[in-house]
Every structure is written in C-alpha cells, then in structure tokens.
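# Summary of structural features
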Amino acid sequence: MNVTDKSSSCDAALKEAFGAEVAELYAQVTQGEANAALQRALELRSFLAVAEEQVARVRDRVHAATGPDGDMGDLSAENLRWDADWLDAALAARDGYSAALDELLRTMPAPDKAGPARTGLSPKITATASPAPAAPRAGAMRIRRP
C-alpha cells in the first residue's frame with residue numbers, strides 16, 4: 001500500500017494549508033523543496049492514511065461477518081471480540097494522528113514565515129511505551145515459614 005496514493009480525511013485541510021494537492025506536496029518533499037512543517041504534516045498524513053485503512057478493513061470484516069448474507073455457522077464471538085479490540089486500537093491511532101496533524105496545522109507559521117526548505121532531512125519517529133502498572137504484590141518477597 002502506497003500512502004501517497006491513498007486518500008485521507010485530512011487531504012482537504014492540507015490542500016488549504018499548503019496550497020497544493022497532496023501529490024504535489026509529496027513531490028515537493030521528494031525534490032527537497034519542502035519546509036519542516038510540510039515534511040511533518042505529510043508524515044502524519046501518511047500515518048493517518050494507514051490508520052484509516054485499518055479502520056476500514058476491520059469495519060468491512062465485521063459487516064461481512066454479521067451481514068444478512070453471512071453464514072451463521074461462521075459467526076464467532078471470539079473473532080468479534082478480536083475485531084473490537086483491533087478496531088479500538090485502529091481508532092485510537094487514527095484519532096491521535098488526526099489530532100496531531102490538526103495541532104500542527106493550527107500552530108505552524110504562516111507560509112511566508114515558514115523558513116527555507118531543509119534538504120536531507122529524514123524525520124524519525126520514536127515511541128516509548130508507558131510502563132505497565134505493577135501487579136498488586138510486585139516486588140513483594142515470599143517469606144518461608146517453618
């Protein structure tokens with residue numbers, strides 16, 4: 001799946017903010033003509049397009065499984081629970097990327113003050129998971145009793 005070819009819910013906002021179609025914006029990045037705000041916006045847009053594709057896949061799978069033409073023998077509560085969990089994760093990702101992109105577009109400098117294009121940048125995303133909550137007796141030592 002090439003995210004540059006997929007549509008996303010933010011494409012109209014990107015066109016309004018940067019004054020060009022999404023394909024043209026990706027071309028600017030490829031040619032080294034994009035400022036940092038555009039590079040970040042397109043990176044978030046790419047993540048958003050993938051998350052929206054995941055949401056659509058799970059939605060379509062659930063609709064197919066529960067539709068009137070579906071085989072009742074193939075219906076599985078366990079599979080639907082897995083789909084519900086997957087859908088929760090995909091929706092959370094979509095909402096997070098959408099919110100981050102909205103924030104970027106809202107706070108970025110005006111186009112005439114955005115600064116020069118920065119060539120050679122390859123933004124890296126790093127993520128760290130928050131620590132898991134400790135078990136109720138985590139760290140407790142078992143004492144041997146005679």
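Refer to the structure above for everything that follows.
Figured I'd write up the structure that's included with this text. (Residues numbered from 1 in each chain as written. Predicted model: local features only at pLDDT ≥ 70, side-chain atom pairs only at ≥ 80, totals over all residues. Heavy atoms only, no water.)

### Digging into the overall build of the protein chain
Each helix and strand in the protein chain was counted, giving four helices and zero strands. Secondary structure of the protein chain in N-to-C order comes out as α-α-α-α. Within the protein chain, the proportion of its 146 residues that are buried is 23%. In the structure as shown, the protein chain presents an accessible area of about 10,800 Å², 54% of it carried by carbon and sulfur atoms. (Helix = DSSP H or I, 4+ residues; strand = E, 2+ residues; numbered from the N terminus. Buried < 20%, exposed > 50% of the residue type's maximum accessible area, 1.4 Å probe, protein only. Areas by Shrake-Rupley, 256 points an atom, 1.4 Å probe, with all protein chains shown as cover.)

### Considering the packing of helix H2 (residues 22–30) against helix H3 (residues 36–66)
Running from N to C, H2 and H3 point in directions that differ by 125°, and their axes come no closer than 10 Å. Taken as axis vectors, H2 and H3 run oblique relative to one another. Two packed elements cross with a definite hand, and for H2 against H3 that hand is left-handed. Along its contact with H2, which presents Val22, Leu25, Tyr26, Gln28 and Val29, the element H3 presents Leu38, Gln39, Leu42, Arg45 and Ser46. Broken down by class, the residue content of the contact of H2 with H3 amounts to six nonpolar, three polar and one charged. (Axes fitted to C-alpha atoms, helices over the stretch in contact; angles between N-to-C directions. Parallel < 35°, antiparallel > 145°, perpendicular 65-115°, else oblique. Left-handed = near helix turned anticlockwise from the far one by under 90°. Contact = heavy atoms within 4.5 Å. Nonpolar A, V, L, I, M, F, W, Y, C, P; charged D, E, K, R; others polar.)

### Description of the side chain of serine 8
Structurally, the position occupied by serine 8 is in the segment before helix H1 (11–18). Among the polar contacts listed, one links the side chain of serine 8 to the side chain of aspartate 11, at a separation of 2.8 Å. Those residues in contact with serine 8 that lie beyond four places of it in its chain are Arg45, Leu48, Ala49 and Glu52. (Polar contact = N/O pair within 3.5 Å; in protein donor to acceptor, adjacent residues only side chain to side chain.)

### Focus on the packing of aromatic side chains
This structure, assessed with the given rule, holds one aromatic pair. Ring centres of phenylalanine 47 and tyrosine 97 lie 5.4 Å apart, and the angle between their planes is 35°; on these two criteria the pair is classed as tilted. One end of the pair, phenylalanine 47, is in helix H3; the other, tyrosine 97, is in helix H4 (residues 77–107), and 50 residues separate them in sequence. (Phe/Tyr/Trp six-rings, centres within 6.5 Å; stacked < 30°, edge-to-face > 60°.)

### Notes on the side chain of aspartate 83
Tracing the backbone shows aspartate 83 in helix H4. Given a relative accessible area of 10%, aspartate 83 falls into the buried group. Sequence-distant contacts of aspartate 83, that is, excluding residues within four places in its chain, are made with Val58, Arg61 and Val62.

### Some points on the nonpolar core
Among the nonpolar cores identified, the biggest contains 19 residues, and Leu14, Leu25, Leu42 and Leu101 are the most heavily contacted of them. Those elements giving two or more residues to this core turn out to be H2, H3 and H4. Element by element, the count of residues in this core is highest for H3, at seven residues. Those residues in contact with leucine 14 that sit more than four places away from it in its chain are Gly19, Ala20, Leu25, Ala41, Leu42, Arg45, Leu101 and Leu105. (Core = buried A, V, L, I, M, F, W, Y, C linked by side-chain atoms within 4.5 Å.)

### Describing the pattern of salt bridges
Opposite charge on two side chains permits pairing when their charged atoms draw close. All chains considered together, the criterion is met by eight salt bridges. Arginine 59 serves as the salt-bridge partner of aspartate 60, at 3.0 Å between the closest nitrogen and oxygen. The partner of aspartate 95 in a salt bridge is arginine 94, and the shortest N-O contact between them spans 2.8 Å. Because the salt bridges share partners, they merge into one network encompassing Lys6, Glu53 and Arg57. (Salt bridge = Lys/Arg side-chain N within 4 Å of Asp/Glu carboxyl O.)

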